[in-house]
Amino acid sequence: MIASLPMYARPSNRAAHDAFWALIRDGLRARQIAAPDGLDHDIDYQDGWQRPDLVLGHICNLPYRARFRGKVTLIGASDYGLPGCAPGYYNSVLIARRPGKPRDFAERFACNDLLSNSGYGVPQQWAVAKGFTLNAMQITGSHRASIAAVAEGIADMAAIDAQAWRIECAENADTRSLHVIGHTHTTPGMTFITRKDQDPAPYFAAIKTAIHALTRDDQSALGLRDIIALPKIAYDIPLPPMPQAIRT
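What you see is a predicted model, and the numbers here were worked out from it, not measured in a lab.

K.L.:
Which parts of the structure should I look at to understand the overall build of the protein?
P.N.:
Counting its secondary structure elements, the protein contains 8 helices and 12 strands. Structurally, the protein occupies a C-alpha span of about 55 × 35 × 30 Å along its principal axes. The buried share of the protein, reckoned over its 248 residues, is 54%. Here the contacts in the protein between residues at least 6 apart in sequence split such that 78% fall between residues at least 24 apart. Roughly 11000 Å² of accessible area belongs to the protein as shown, and the carbon and sulfur atoms make up 51% of that amount. Seen as two clouds, the 26 positive and the 24 negative side-chain charges of the protein have centres 5 Å apart.

Now the structure itself:
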């Protein structure tokens, strides 16, 4: 059995994630669902999502749509109370070294990963809808590295998950030299999943109860407000360009 919550994991919030999992674990066991004692903090997130013994995971909606639809059970979307976002949704923050319009910075764009919804999928679709494309991508490997690429002048713009940006603004001095120049449209936020062919209801109930049982300090560290049951149609979003990046 494995449980992993990797999407906003940081050393600064590991204890809060562990406390959150302990509450979920006990709630699952009370509902007759076997659950591991602790989170696996070391497994690669994609390896975790495809494990046949996955008890709980946390997935970005682009890899879900591109690779894992039909292979896992959706439980519910995370709600971080982000400005301008409906419950269970999030967007991307567009950053640059100076104020301006996003199309002015589109020739040197940095993204964390081609399978990142917030770093690649949504900003590409948003830009196309605005009449331009994001070019000459620097693939950085993480949102923090994308922030550094813009701060250091390696790239002119990047798109950062709004919750990740909130965390980085509290922890990363590079953010102080950058400007928010726009926001993308919203899509379903990071989504809790379990292995295929499970009833999501008891998992949803255990997670919701755990969120509202967190201490004030742990809730502040995680930023998590609620879990939202979005309709499956909410995930029916076209895949972004460069299909070679999202082979199934």
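K.L.:
How do you make sense of the environment of Phe109 when you look at a structure like this?
P.N.:
On the secondary structure map, Phe109 appears in strand β6 (residues 109–111). Exposure remark for Phe109: the relative accessible area of 0% places this residue in the buried category. Contact partners of Phe109, with chain neighbours within four places excluded, come to Gly119, Pro123, Leu134, Asn135, Ala136, Met137, Gln138, Ala155, Met157, Ala158 and Ala159.

K.L.:
Help me understand the sheet that holds strand β7 (residues 138–139), please; the structure alone is not making it clear to me.
P.N.:
Taken in spatial order, the 5 strands of this open sheet run β7-β6-β8-β5-β9, and their pairing is mixed. Every other strand in the sheet has two partners, leaving β7 and β9 (179–183) as the edge strands with one partner each. Taken together, the 4 bridges between strand β5 (residues 92–96) and β9 define a ladder with antiparallel strand orientation. Paired with Ile95 across the bridge in β9 is Val180. Relative to the sheet, helix α5 (residues 143–151) contacts β5, β6 and β8 (157–161), its axis offset from that of β8 by approximately 155°. Against the sheet, helix α6 (residues 162–171) makes contact with β5, β8 and β9, and its axis sits at roughly 100° relative to β8, the strand it touches most.

K.L.:
Honestly, the pairing of strand β11 (residues 191–195) in this entry has me stumped. Any pointers?
P.N.:
On a regular strand, one side chain projects to one face of the sheet and the next to the other, so that they alternate. Most of β11 is tucked away, with 4 of its 5 residues classed as buried. The pairing of strand β2 (residues 54–59) with β11 spans 3 bridges and is classified as antiparallel. Counted as the bridge partner of Ile59 is Thr191 from β11. Examined bridge by bridge, strand β3 (residues 72–79) and β11 share 5 bridges and lie antiparallel to one another. Among the inter-strand pairings, Val72 is bridged to a residue of β11, identified as Arg195.

K.L.:
Just checking my understanding: could you explain the nonpolar core for this structure?
P.N.:
Across soluble globular proteins, nonpolar side chains show a tendency to be buried alongside one another. With 48 residues, the main nonpolar core has Phe20, Trp21, Leu28, Leu56, Ile95, Phe192 and Ile207 as its most contacted residues. Elements that contribute at least two residues to this core include exactly α1 (14–30), β2, α3 (61–68), β5, α5, β8, α6 and α7 (200–213). Counting residues per element, this core draws most heavily on α7, which supplies 6 residues. Contact partners of Ile207, with chain neighbours within four places excluded, come to Phe20, Ile24, Leu56, Ile75, Phe192 and Ile227.

Parameters at a glance
- Residues numbered from 1 in each chain as written.
- Predicted model: local features only at pLDDT ≥ 70, side-chain atom pairs only at ≥ 80, totals over all residues.
- Heavy atoms only, no water.
- Helix = DSSP H or I, 4+ residues; strand = E, 2+ residues; numbered from the N terminus.
- Buried < 20%, exposed > 50% of the residue type's maximum accessible area, 1.4 Å probe, protein only.
- Contact = heavy atoms within 4.5 Å.
- Areas by Shrake-Rupley, 256 points an atom, 1.4 Å probe, with all protein chains shown as cover.
- Lys, Arg positive; Asp, Glu negative; His and termini not counted.
- Charge placed at Lys NZ, Arg CZ, Asp CG, Glu CD.
- Pairing = 2+ DSSP bridges.
- Axes fitted to C-alpha atoms, helices over the stretch in contact; angles between N-to-C directions.
- Core = buried A, V, L, I, M, F, W, Y, C linked by side-chain atoms within 4.5 Å.

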